[in-house]
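Coordinate analysis (summary)
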Amino acid sequence: MAPTRIVLAGGTGFLGQCLIRHFRRPGVEIVVLSREQLPAYANVRYACWDGRTLDEWAAELDGADVLVNLAGRSVDCRYHEANRRAILSSRVDSTRVLGAAVAACRRPPRVWLNASTATIYEHTEGERPANTEADGVIGRGFSVEVAQAWEAAFWACPAPNTRRVALRTAIVLGAEGGAFPVLARLARWGMCTPQGSGRQWISWLHATDFARAVEFLAQQPGASGVFNLCAPQPIQNRDFNALLARTLRPLLRLPQPEWLLEAGAWALQTQTELVLKSRKVYPQRLLEWGFEFQFPGCEAAVADIVRTVEA
Ligand SMILES: NC(=O)c1ccc[n+]([C@@H]2O[C@H](COP(=O)([O-])OP(=O)(O)OC[C@H]3O[C@@H](n4cnc5c(N)ncnc54)[C@H](OP(=O)(O)O)[C@@H]3O)[C@@H](O)[C@H]2O)c1
């Protein structure tokens, strides 16, 4: 059944905007939960929340078809103590309070898709098999602990009448935000060479397929549990950068050894983990459920995104 009322918690960010563009069609009402009060337009409305406290916004969930939670402080920052706390609590608290709101609904949402991350899996190098939902190996370290706490908070919510899906999403590539515009800008300045060894895997997903996969999962009555949201063809960092170089044709090619990336990450107030972790993930369950990727390979995905940027 096509959704007619969708609530997007944290829907003002990159992925929320992807979903708004995808679902903005006649007959669909979209309600975005944001910490900011924003004006409504077309069939998109905003309700104010703080991501932690049950309040009037909770009424928006009553009778909704689909709830998608995307709220979370950006991970593109230095992982010092205050940022670590904010990254963790913004995800766990928003999930818990949505759970309380769902529990209070007379007509709870049919389906609740909660963001998680493909970073939950271990650093997987070389020819080792990609991580599937069934056989994937959970990793270690701060980002993994956040992902585990986030998913644990989600499954702990009492929501017996709502189908639930945890979205272990890989790096979403799109023209309008997220990692791609930053990577493309760096590539144009010559940083389109292997980062570190360049052997690390990148699991990725075109923004169009992200939105299509969310709609697909929302419409499959029996689909619940964990789903990897990534294209079926991960790419190694050196091949991804070679692809950027071929597509964007910068004049310079600057080497990017690990020590330089560390210095750059400090200067830009970000973390090298975002580019050095080897994420090799496979969308086993999406494929088993019959989802067809519009962009299974990275070359066509990058060409499409660059075409959109340049149009
Ligand atoms: N983009 C990717 O490639 C990717 C991949 C895997 C997983 N994810 C996960 O998917 C989710 C959405 O990603 P995104 O790229 O759309 O992120 P984003 O652009 O940073 O948007 C996240 C939204 O969360 C809200 N938010 C930020 N801090 C918050 C806080 N302390 N409490 C409550 N809400 C807060 C913000 O909305 P308001 O300011 O309007 O409240 C913001 O627009 C994130 O949790 C991210 O970790 C993203």
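All values reported here derive from a predicted model rather than from experimental measurement.

**Some words on the layout of surface pockets**
Approximately 360 Å³ is the volume found for the second largest pocket. Looking at the second largest pocket, it is lined by 19 residues, and the ones nearest its centre are Arg35, Ala71, Gly72, Arg73 and Ser90. Only strand E2 (29-34) and helix H2 (81-103) provide two or more residues apiece to the lining of the second largest pocket. Here the lining of the second largest pocket gets four residues from one element, more than from any other, and that element is H2. Classifying every residue of the lining of the second largest pocket gives four nonpolar, nine polar and six charged.

**Brief notes about the sheet that holds strand E1 (residues 5-9)**
Read from one edge of the open sheet, seven strands run E3-E2-E1-E4-E5-E6-E10, paired in parallel fashion. Among the strands making up the open sheet, the edge pair consists of strand E3 (44-48) and strand E10 (225-229). Ignoring strand direction, the axes of neighbouring strands in this sheet form an average angle of 20°. Pairing of strand E6 (residues 163-169) with E10 involves five bridges; the strand directions are parallel. Paired with Arg168 across the bridge in E10 is Asn228.

**Focus: the packing of aromatic side chains**
Scanning the entire structure with this criterion turns up six aromatic pairs. An angle of 75° between the planes, with centres 5.2 Å apart, marks the rings of Trp49 and Trp57 as edge-to-face. Residue classification places Trp49 among the buried residues on the basis of a relative accessible area of 6%. We classify Trp57 as buried; its relative accessible area is 3%. A centroid spacing of 4.7 Å and a plane angle of 45° characterise the contact between Phe154 and Trp155, whose relative ring orientation is tilted.

Cut-offs used in this document
Residues numbered from 1 in each chain as written. Predicted model: local features only at pLDDT ≥ 70, side-chain atom pairs only at ≥ 80, totals over all residues. Heavy atoms only, no water. 1 Å grid on protein atoms, 1.4 Å probe; cavity = no way out; pocket = protein on both sides within 12 Å on 5 of 7 lines; lining within 4 Å. Points joined across faces, edges and corners; volume = space filled by probe spheres on them. Helix = DSSP H or I, 4+ residues; strand = E, 2+ residues; numbered from the N terminus. Nonpolar A, V, L, I, M, F, W, Y, C, P; charged D, E, K, R; others polar. Pairing = 2+ DSSP bridges. Axes fitted to C-alpha atoms, helices over the stretch in contact; angles between N-to-C directions. Phe/Tyr/Trp six-rings, centres within 6.5 Å; stacked < 30°, edge-to-face > 60°. Buried < 20%, exposed > 50% of the residue type's maximum accessible area, 1.4 Å probe, protein only.

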